[in-house]
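Single-letter residue listing:
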Amino acid sequence: MTLVPILILAALLFSLGVYGLLARRNAVLVLLAIELMLNAVNINLIAFEAMIRDSLATGQVFAIFIITVAAAEVGIGLAIVLLIFRNRATANVDEFNLMKW
Amino acid sequence: MSDWLLHPENWVFLVVGVAVAFSALRVVTSRNVVHAALYLVATLAGTAVLFLLLSAEFVAWVLVLVYIGAVIVLFLFGIMITRAPIGYDATLDNDRRGIAAVVSGALFLLMSWVSIDFFGSTALEDIGVPTSTELLGESILGRFVLPFEIVSFVLLAALIGGITVARKDATPLEAEERV
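Computed from a prediction, not measured in an experiment: that's the story for all the values here.

A separate point is the overall build of chain B. Counting secondary structure elements, chain B contains 7 helices and 0 strands. Shown N-terminal to C-terminal, the secondary structure of chain B runs as helices and strands in the order α-α-α-α-α-α-α. In terms of overall dimensions, chain B is more spread out than a globule: its C-alpha atoms have a radius of gyration of 22 Å, far above the 16 Å expected for 179 residues. With the principal axes as the frame, chain B shows a C-alpha extent of 75 × 50 × 25 Å. Here chain B holds 179 residues, and 35% of them are scored as buried. As presented, chain B carries roughly 10,800 Å² of accessible surface, and 71% of it is formed by carbon and sulfur atoms. Taken as two groups, the 9 positive and 16 negative side-chain charges of chain B have centres that lie 16 Å from each other.

Here's what the structure looks like:
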């Protein structure tokens, strides 16, 4: 098994995540695209861990950390979306201008 | 190329990779919010199979439990609470789809080129020998115990913050009644 096909699959997932981040209007769908990008990073970490095989399994440990941080991000992100929806009655990111000066 | 196809694990990777790529594409192009979330489940399940193939068993099951078990349920809750139109909706994308496609396509080509250039002939050895959970546990609670504690704190703070942000504030009248 070679490394390059896995890296290309991860690059594809990351690029699709960037596309979803830029092209979507619904805030929940933007969060889904961010999950895709984090998942691509996890694939890269596991693939390089399979290549290096260090005695601490560093790649897998950091993949678990990233999964934890992604769970925290989803929790706080959906809470913010929920709050803005309650105040503005919309979940479209192009209608949020609360921080516009 | 014919040499690459001789190994059975490459066939598994090919099938799983095509499935993951297709469902990831549907996540960002689907016109139905709930379908997009369910395609993310398919993407994550394929990724878990890929992790099993790369002998990262524990991470694969963590992915299944945390993501497919918890995060997707949270997403479906979020979709239903924000009353996103359940069903076909043509207004989910904004007008700058073309620019987004060009940017992400260029990013994909750049990353693929760099990967091929740097790791063109790197082979993965001893695939199929699972990493022992014992090793992972000793690593997390030994060398990486400080990052582990920090991540735990971040998760706790984020969840408490999420509750604080999302809970409904009492109106002044209700607050008066409660006293």
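Once the structure has been displayed, the description carries forward.
It is worth spelling out the environment of His-7 of chain B at this point. All names here are of chain B. In this structure, His-7 sits in the segment before helix H1 (8–29). You can call His-7 partly exposed: its relative accessible area is 36%. In this structure, the C-alpha to C-alpha distance between His-7 and Phe-108, residues 101 residues apart in sequence, is 27 Å.

Turning to the interface of chain A and chain B, a few remarks are in order. The partner chain B presents 81 residues to the 65 residues of chain A that form the contact. Buried area between chain A and chain B, summed over both chains or domains, comes out near 7,000 Å², and the portion from carbon and sulfur atoms is 78%. On the chain A side of the interface with chain B, the three residues burying the most area are Met-1, Tyr-19 and Arg-24 of chain A, jointly 12% of the side's total. On the surface where chain A and chain B come into contact, there are 1 salt bridge. Residues Asp-93 of chain B and Arg-24 of chain A are paired through a salt bridge, measuring 2.8 Å at the closest nitrogen-oxygen approach. In this assembly, chain A and chain B are joined by 12 residue pairs in polar contact (both at pLDDT 80 or more). Counting residues per element, the ones that place at least two in the side of chain A that touches chain B are helix H1 (4–23), helix H2 (27–52) and helix H3 (58–88) of chain A. For the side of chain A that touches chain B, the leading source of residues is H3 of chain A, giving 23 residues.

On inspection of all chains with the given rule, the structure shows 5 aromatic pairs over all chains. Note on Phe-62 of chain A and Phe-144 of chain B: the rings are 5.5 Å apart at their centroids and 85° apart in plane angle, and the pair reads as edge-to-face. Taken together, the residues Phe-62 of chain A in helix H3 and Phe-144 of chain B in the loop between helix H5 (133–140) and helix H6 (145–166) connect one chain to another. Note on Phe-144 of chain B: relative accessible area 10%, which makes it buried. An aromatic cluster is built from Phe-48 of chain A together with Phe-118 and Phe-119 of chain B, whose rings are joined through pairwise contacts.

Now for H3 of chain A. With 31 residues, H3 of chain A extends 44 Å between its outermost C-alpha atoms, agreeing within 8% with the 45 Å of an ideal straight helix rising 1.5 Å per residue. Immediately downstream of H3 of chain A, the backbone of Ala-89 of chain A shows phi near 60°, a positive value.

This part covers a nonpolar patch on the surface. Residues and elements named next belong to chain B. On the surface, a nonpolar cluster with roughly 450 Å² of combined accessible area is contributed by Leu-141, Val-145, Leu-146, Ile-150 and Val-154. Assignment of secondary structure puts Leu-146 in helix H6. Residue classification places Leu-146 among the exposed positions, given a relative accessible area of 59%.

Right, let's get into the layout of surface pockets. Each pocket or cavity is described by its volume, and for the largest pocket that value is around 330 Å³. For the largest pocket, the lining is made up of 20 residues, of which Val-74, Gly-75, Leu-78 and Ala-79 of chain A together with Leu-74 of chain B are closest to its centre. If you list the elements that add at least two residues to the lining of the largest pocket, you get H3 of chain A together with helix H3 (57–81) and H6 of chain B. With 7 residues, the single largest contributor to the lining of the largest pocket is H3 of chain A. Of the residues belonging to the lining of the largest pocket, the class tally is 16 nonpolar, 4 polar and no charged.

A few words on the nonpolar core. Residues Ile-6 and Leu-32 of chain A together with Phe-13, Phe-51, Leu-54, Val-59 and Phe-75 of chain B are the most contacted members of the largest nonpolar core, which totals 68 residues. Looking at this core, the elements that each hand over two or more residues are H1, H2 and H3 of chain A together with H1, helix H2 (33–53), H3 and H5 of chain B. Here this core gets 11 residues from one element, more than from any other, and that element is H2 of chain A. Ignoring anything within four residues of it in the chain, the contact list for Leu-32 of chain A reads Val-27, Ala-36, Ala-37, Leu-40 and Phe-75 of chain B.

Okay, the confidence of the model for chain B next. This prediction gives chain B a mean pLDDT of 87; 95% of its residues lie at or above 70. The complex model carries a pTM of 0.89, and its ipTM stands at 0.91.

In this section: the side chain of Asp-93 of chain B. Checked against the element boundaries, Asp-93 of chain B lands in the loop between H3 and helix H4 (97–119). Side chain to side chain, Asp-93 of chain B and Arg-24 of chain A meet in a polar contact 2.8 Å long. Among residues more than four places away in sequence, those in contact with Asp-93 of chain B are Ala-23, Arg-24 and Arg-25 of chain A together with Arg-31 of chain B.

What counts and what doesn't
The residue numbering used here restarts from 1 in each chain and proceeds along that chain's sequence as written. Here the convention is simple: chains get letters from A, ligands get numbers from 1, in the order in which they are written. Confidence filtering applies because this is a predicted model: local features only for residues at pLDDT of at least 70, side-chain atom pairs given and counted only at 80 or more, and all residues used for totals across whole chains, interfaces and linings. Hydrogens and water molecules were not included; the side-chain quantities draw on all heavy atoms of the structure. For the purposes of this entry, the term helix denotes a DSSP run of H or I that reaches at least four residues, the term strand denotes a run of E that reaches at least two, and both are numbered from the N terminus. C-alpha atoms define the radius of gyration, and 2.2 Å times the number of residues to the power 0.38 defines the globule rule. Burial classes follow relative accessibility: with a 1.4 Å probe on protein chains only, a residue under 20% of its type's maximum area counts as buried, one over 50% as exposed, and anything between as partly exposed. With residues, only the protein chains shown are counted as cover, and all accessible areas are computed by Shrake-Rupley using a 1.4 Å probe. Here the positive residues are Lys and Arg and the negative ones are Asp and Glu; neither His nor the chain ends is included. One atom stands in for each charge, and that atom is NZ of Lys, CZ of Arg, CG of Asp or CD of Glu. Any two residues whose heavy atoms approach within 4.5 Å are treated as being in contact. The buried area of a pairing is the accessible area, by a 1.4 Å probe, that goes missing from both parts when the two are put together, added over both. We define a salt bridge as a contact between a side-chain nitrogen of Lys or Arg and a carboxyl oxygen of Asp or Glu at a distance within 4 Å. Polar contact is defined as a pair of N or O atoms within 3.5 Å, subject to the rule that within protein one atom must be able to donate a hydrogen and the other to accept it, and that residues adjacent in sequence are counted only when both atoms are side-chain atoms. Stacked, edge-to-face and tilted are the three classes for Phe, Tyr and Trp ring pairs, Trp counted by its six-membered ring, which pair at centre distances within 6.5 Å; planes under 30 degrees apart are stacked, over 60 edge-to-face, the rest tilted. Each residue after the first adds 1.5 Å to the expected span of a helix. Patches here are clusters of residues that have more than 30% relative accessible area and form no salt bridge, with a 9 Å joining cutoff for like charges and a 5 Å cutoff for nonpolar side chains (Val, Leu, Ile, Met, Phe, Trp, Tyr). Space inside and on the surface of the protein is sampled on a 1 Å grid over the protein atoms alone, with a cavity defined as a set of points where a 1.4 Å probe fits but cannot get out and a pocket as an open set with protein on both sides within 12 Å along at least 5 of 7 lines; lining residues have an atom within 4 Å of a point. Grid points are joined across faces, edges and corners, and a volume is the space filled by probe spheres set on the points. Any residue that is not Ala, Val, Leu, Ile, Met, Phe, Trp, Tyr, Cys, Pro, Asp, Glu, Lys or Arg is counted as polar, Gly included; the first ten are nonpolar and the last four charged. For our purposes a nonpolar core is just a set of buried Ala, Val, Leu, Ile, Met, Phe, Trp, Tyr and Cys residues, chained together by side-chain atoms within 4.5 Å. The predictor attaches a confidence to each residue, called pLDDT, with possible values from 0 through 100.

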